[in-house]
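# A look at the structure
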Amino acid sequence: MAEAGLEVVGRWLFFQAWGHPNVRATHRTTFEITSDDYLTPRGDCIVGIRSSVTPRSLPQWFKSMARSPDSIIVVVLCSEGVCETAVGRGHPGLSFGDGRRMVFRRSSFVGPETVMIGSSKAAADLRRDLIEILRRGALLRVGMTVVRRSEVEGGGLQPPAAGGRDSDGRAWEALN
């Protein structure tokens, strides 16, 4: 039964990947999750390997909504009770054509591996306690959703009462 004043908009998808001893998460402009089963020390943006999902295998509803010019994408990364969130945007040019690499970018560059642009976080910004857990090879649970800005009441998101900033001040700016 729906609660009064509650409107359900959008859906979440969940999948898993794994950490690896070579997870460094020092890249300043992207973070990546790959279906590859290995990670070299050069992969400084990779936070998860052996992903069960790739851009190509994302559900059609997600791809369609993420291609909307007013899409907002939320990604939650969790392992052993430690979670991190990144917020960004979709883009009409997203092809979701890559069958291996899922890249979340601060920039507006769009390639076949790109899942989100304008990300509020890159690998270097992720919680270090989460990265330490992933270095032990722990399971990484990933949740993603996409909504259209126009679906939010008033035609756009309003900043939270506490000044419109998350803990590091980037999520709200990523959306504007």
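Described in the following lines is the structure provided in the data block. This one's a predicted model, so the numbers in the text were calculated from it and none came from an experiment.

Moving on, we get to the overall build of the protein. On a plain count of helices and strands, the protein comes out with three helices and eight strands. In the protein, the succession of helices and strands from N to C terminus is β-β-β-α-β-β-β-β-α-β-α. Partitioning the intrachain contacts of the protein with sequence separation of at least 6 by distance along the chain shows that 68% fall at a separation of at least 24. A total of about 8600 Å² of accessible surface is found on the protein, and carbon and sulfur atoms cover 53% of it.

Quick look at the state of the cysteines now. The tally for this structure, following the rule as stated, stands at one disulfide. One disulfide bridge connects Cys 78 with Cys 83, the sulfur atoms lying 2.0 Å from each other. Handedness here is read from the sign of the S-S torsion; for Cys 78 and Cys 83, about 115°, the answer is right-handed.

This next bit is on the side chain of Lys 121. Inspection of the secondary structure puts Lys 121 in the loop between β7 (114-116) and α2 (128-135). For Lys 121, the side chain forms a polar contact with the side chain of Glu 84, separated by 2.8 Å. At 3.0 Å, the side chain of Lys 121 and the backbone oxygen of Thr 85 are in polar contact.

Below, the discussion takes up the sheet that holds strand β5 (residues 82-89). The sheet built from four strands is open, its strands ordered β1-β8-β4-β5 with antiparallel pairing. Edge positions in the sheet fall to β1 (12-18) and β5, since each of these pairs with one other strand and no more. Adjacent strand axes in the sheet meet at a mean angle of 20°, parallel and antiparallel pairs treated alike. Relative to β5, strand β4 (residues 71-79) is paired through eight bridges, and the arrangement is antiparallel. Its bridge partner being in β5, Ile 73 is matched across the sheet by Gly 88. Contacts from α2 reach β4, β5 and β8 (139-148), with the element oriented near 60° to β4.

Within strand β6 (residues 101-105), four of the five residues are buried, leaving the element largely enclosed by the surrounding structure. Direction of pairing for strand β2 (residues 30-34) relative to β6: antiparallel, over a ladder of five bridges. Residue pairing for β6: Phe 31 is matched across the bridge by Phe 104. Pairing geometry for β6 and β7, over two bridges, is parallel. Bridging across to β7, Val 103 finds its partner in Thr 114.

Core analysis: the largest hydrophobic core is formed by 40 residues, its most contacted members being Val 47, Leu 58, Phe 62, Val 75, Leu 77, Phe 104 and Met 144. When residues no more than four places from it in sequence are discounted, the contact partners of Phe 104 are Thr 29, Thr 30, Phe 31, Ile 33, Val 75, Val 115, Met 116 and Met 144.

Cut-offs applied
- Residues numbered from 1 in each chain as written.
- Predicted model: local features only at pLDDT ≥ 70, side-chain atom pairs only at ≥ 80, totals over all residues.
- Heavy atoms only, no water.
- Helix = DSSP H or I, 4+ residues; strand = E, 2+ residues; numbered from the N terminus.
- Contact = heavy atoms within 4.5 Å.
- Areas by Shrake-Rupley, 256 points an atom, 1.4 Å probe, with all protein chains shown as cover.
- Disulfide = S-S within 2.5 Å.
- Polar contact = N/O pair within 3.5 Å; in protein donor to acceptor, adjacent residues only side chain to side chain.
- Pairing = 2+ DSSP bridges.
- Axes fitted to C-alpha atoms, helices over the stretch in contact; angles between N-to-C directions.
- Buried < 20%, exposed > 50% of the residue type's maximum accessible area, 1.4 Å probe, protein only.
- Core = buried A, V, L, I, M, F, W, Y, C linked by side-chain atoms within 4.5 Å.

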